[in-house]
Amino acid sequence: MKDAFRLGAKQAAKLIERGELTTEALLASCRERIAQREPEVKAWTFLAREFPDRARGPLFGVPVGVKDIFDTHDMPTAYGSPIYDGHRPRTDAAAVALTRRAGGTIMGKTVTAEFATFVPRETRNPLDLSRTPGGSSSGSAAAVADFMVPLAFGTQTAGSLIRPASYCGIVGYKPTFNAIARAGLKPGADSLDTVGVYGRSVEDVAFFAAALTNRQDLETKLDRAPRLGVCRTYEWDRVQPEMRKALDEAARALRADEFELPGRFKGLRESHTAILWYEIARSLADEFTRFPNKLDPALRQRCTDGFALEPKDYVRAQQHGAECRAHFAQTLGDYDVLLAPASTGEAPKGLSSTGDVAMNVVWTLLHVPCVAVPAAKSASGMPLGLQVIGRVGDDARTLACAAWIADKLGSRA
């Protein structure tokens, strides 16, 4: 099939199941696309040369990119750090093993920011090579956006999955915290780290997540228009004019209501920051102690700051997050989901930063499911994404609402 690399994941799986496409043809097409584009995009740290026999599952033959903080038994895993050059784990991370059990083909390892933090690497935005693809799931987002693979894994500890989806014009799904198994993932902030997935449609990320979790309800469709609340959050002052316009226009098109988080939710960004660096410093205690000169200086300083945080401030931040989580579902009232910017604006120029996490950290700390969908274009033609936010555990409805929203906004994106 010509241009098989452009197929969506679910479409490709159906064609393979019906015998209208072979797994070999799909892999060859994706490998050819990677060979053509990788010298410029730089999305991969390792590409598989051989593909073992695959299980006959829902993902049979579908190529998947794996962010290089997931252990893989047959590929190097360096966590974006020179400390781990040549590291070869003996086992797969749970999410990778589940992908193989479902028949997916691990195409290779994608570039991650150092230890999935804010320190950028070499990956470029495939829509404009002078811009960042976001981070820390930079390689995964770029690979899916550039049609190298239809699916890839990302993670989010601050804004590492949803923001790159917005910058690259694809769909990112951050499930409810711990909905996809985290074993075998290099820990960052253990109470925040969340495994998620990328695809080029809501249908595809729901298909992928359902295959990993055996939750077929994740592919449920809506039977009515959802009730939507537009949430500008307490970080609205950081949102750029074009993103503000995109949200306003989407709200009108979707007939969404204005929604304001109660006062107790103010300060969640500061609570997230305290938890993030307190936990990351301790997760990287060995690397920080024995290999300080191999850590990026900015990350080394953040670890120093994290160790300097008072335990009582960390406990207070965790209590704040827990209190807001306890009230969030009730706070939504009759709304099915909330709609908010997926990033503060378009992908920034240059590769020195992965962008601003202000639109993501509140939802990460709340442990709620979020789905980034393309919604508009900036004046320079770059994508602007919005995110659909649901209640803890209500992933099926969140995905269904996101699919409905993406369909309504498709012509704008």
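Look up a bit, the structure's there.
Keep in mind that what you see is a predicted model, and the values were worked out from it rather than measured. Counting restarts for each chain: residues are numbered from 1 in the order of the written sequence. In view of the model being predicted, local features appear only for residues whose pLDDT reaches at least 70, and side-chain atom pairs are presented and counted only at 80 or more, with totals across whole chains, interfaces and linings using the full set of residues. Just so you know, side-chain values use all the structure's heavy atoms and leave hydrogens and water out.

Asks: Please give an account of the overall build of the protein chain that cites residues and values.
Replies: The helix and strand inventory of the protein chain stands at 13 helices and 11 strands. In this setup the radius of gyration rests on C-alpha atoms only. A globule is expected at 2.2 Å times the number of residues raised to 0.38. Its C-alpha radius of gyration of 20 Å places the protein chain within 12% of the 22 Å reference for a compact globule of 413 residues. Taken over the C-alpha atoms alone, the protein chain extends approximately 55 × 55 × 40 Å along its principal axes. Here the analysis covers contacts within the protein chain between residues at least 6 apart in sequence; of these, 77% occur between residues at least 24 apart. Values of accessible area rely on a 1.4 Å probe in the Shrake-Rupley scheme; residue burial ignores everything except the protein chains shown. Counting every atom, the protein chain has about 16,000 Å² of accessible surface; 48% of that belongs to carbon and sulfur. Separation between the mean location of the 53 positive side-chain charges and that of the 49 negative ones in the protein chain comes to 1 Å. Helix and strand labels come from DSSP, where a helix needs a run of H or I of at least four residues and a strand needs a run of E of at least two; each type is numbered from the N terminus. Throughout, a contact is declared for two residues whenever any of their heavy atoms are within 4.5 Å. Positive: Lys, Arg. Negative: Asp, Glu. His and the chain ends are not part of the count. Charged groups are reduced to one reference atom each: NZ for lysine, CZ for arginine, CG for aspartic acid, CD for glutamic acid.

Asks: Can you lay out the packing of helix H6 (residues 202-213) against helix H13 (residues 395-409) for me, pointing to particular residues and giving the numbers?
Replies: Think of two packed helices as two axes; the pair is described by the angle between the axes and how far apart they sit. Remark: H6 packs on H13, axes separated minimally by 9 Å, with the N-to-C direction vectors making an angle of 160°. Here H6 lies roughly antiparallel to H13, going by the angle between them. Crossing geometry of H6 relative to H13 is assigned as left-handed. In this structure, H6 uses Val202, Val205 and Ala206 to contact H13, whose residues at the interface are Leu399, Ala402, Ala403 and Ala406. An axis is simply a line fitted to the C-alpha atoms; with a helix, the fit covers only the stretch in contact. Between two such axes, the angle follows the N-to-C directions and lies from 0 to 180 degrees. Orientation is classified from the angle alone, with under 35 degrees giving roughly parallel, over 145 giving roughly antiparallel, 65 to 115 giving roughly perpendicular, and any other angle giving oblique. It is the rotation of the near helix from the far one that decides the hand of a crossing: anticlockwise by less than a right angle makes it left-handed, clockwise makes it right-handed.

Asks: Before we move on, can you summarise the nonpolar core with the specific residues and values?
Replies: Residues belong to a common nonpolar core when they are buried Ala, Val, Leu, Ile, Met, Phe, Trp, Tyr or Cys residues joined through side-chain atoms within 4.5 Å. Think of it in three bands: residues with accessible area under 20% of the maximum for their type are buried, residues over 50% are exposed, and the middle band is partly exposed, with areas taken using a 1.4 Å probe on protein chains only. Membership of the largest hydrophobic core comes to 133 residues, with the highest contact counts inside it found for Phe70, Phe153, Phe328, Trp363 and Leu366. With nine residues, H6 is the single largest residue contributor to this core. Excluding anything up to four places from it in sequence, Phe328 contacts Leu261, Phe265, Leu338, Trp363, Leu366, Val368, Ile389, Gly390 and Arg391.

Asks: Could you give an account of unusual backbone geometry, naming the residues involved and the relevant values?
Replies: Cis geometry marks the peptide bond from Gly135 to Ser136; its omega dihedral reads 10°. Take Ser136: it is sitting in the loop between strand S3 (105-110) and helix H4 (138-145). Positive phi, close to 55°, is recorded for Ala116, a residue that is not glycine. Among the secondary structure elements, Ala116 is positioned in the loop between S3 and H4. Phi at Arg255 takes a positive value of approximately 55°, unusual for a residue other than glycine. Looking at Arg255, the relative accessible area reads 76%, which means it is exposed.

Asks: Lay out the packing of aromatic side chains in plain terms, naming residues and giving numbers.
Replies: Only centres within 6.5 Å qualify two rings of Phe, Tyr or Trp (six-membered ring in Trp) as a pair; their planes then separate them into stacked at under 30 degrees, edge-to-face at over 60, and tilted for everything else. Scanning the entire structure with this criterion turns up 10 aromatic pairs. Taken together, a centroid distance of 5.2 Å and an interplanar angle of 35° make the contact between Phe70 and Phe153 tilted. With Phe70 in the loop between strand S2 (63-67) and helix H3 (94-101) and Phe153 in strand S4 (residues 151-156), this pair connects stretches of sequence that are 83 residues apart. Each member of the pair, Phe70 as well as Phe153, carries the same accessibility label: buried. For the pair Phe328 and Trp363, a centre-to-centre distance of 6.1 Å together with 65° between the ring planes defines the contact as edge-to-face.

Asks: Lay out the sheet that holds strand S1 (residues 44-47) in plain terms, naming residues and giving numbers.
Replies: Here we have 11 strands laid out as an open sheet, ordered S1-S3-S2-S4-S6-S5-S10-S11-S9-S7-S8, and mixed in their pairing. Each having just a single partner strand, S1 and strand S8 (257-259) make up the two edges of the open sheet. In this sheet, neighbouring strand axes are inclined to one another by 30° on average, regardless of whether the strands run parallel or antiparallel. A pair of strands is labelled paired if DSSP reports no fewer than 2 bridges between them. For strand S5 (residues 171-174) and strand S10 (residues 370-377), the ladder comprises three bridges, and the chain directions are antiparallel. When the bridges of S10 are listed, Tyr173 appears paired with Val371. Packed onto the sheet, helix H7 (residues 241-254) meets strand S7 (228-231), strand S9 (337-341), S10 and strand S11 (383-389) and runs at close to 55° relative to S11.

Asks: Any chance you could break down the pairing of S10 for me, citing the residues and the numbers?
Replies: For S10, the tally of buried residues reaches six of eight residues, placing the bulk of the element in the interior. Bridge count for S10 against S11 is seven bridges, and the pairing is antiparallel. Counted as the bridge partner of Pro374 is Gly385 from S11.

Asks: Break down the side chain of Ser140 for me, citing the residues and quoting the values.
Replies: Of note, Ser140 is situated in helix H4. In contact with Ser140, not counting residues within four places along its chain, are Val66, Lys67, Thr110, Val111, Ala152, Phe153 and Tyr198.

Asks: Outline H4, listing residues and values.
Replies: The buried fraction of H4 amounts to eight of the eight residues, a majority that puts the element mostly inside the structure. Buried residues of H4: Ser138, Gly139, Ser140, Ala141, Ala142, Ala143, Val144 and Ala145, and no others. Phe147 sits one or two residues past H4 and shows a positive phi near 65°.

Asks: Tell me about the pattern of salt bridges, residues and numbers included.
Replies: Salt bridge criterion: a side-chain nitrogen from Lys or Arg within 4 Å of a carboxyl oxygen from Asp or Glu. A full pass over the atoms with the stated rule returns 28 salt bridges. Note that Glu114 is salt-bridged to Arg121, the shortest N-O span being 3.7 Å. Under the relative-accessibility criterion, Glu114 is labelled buried at 1%. A residue is classified by how much of its surface remains accessible, and Arg121, at 29% relative accessible area, is partly exposed. The residue Arg412 makes a salt bridge to Glu249 at a minimum N-O spacing of 3.9 Å. With a gap of 163 residues between them, Arg412 in the segment after H13 and Glu249 in helix H7 connect regions that are remote in the sequence. Glu249 sits in the partly exposed class, given a relative accessible area of 27%. A cluster of three or more residues bridged by salt bridges with shared partners is formed by Arg33, Arg37, Glu40 and Asp146.

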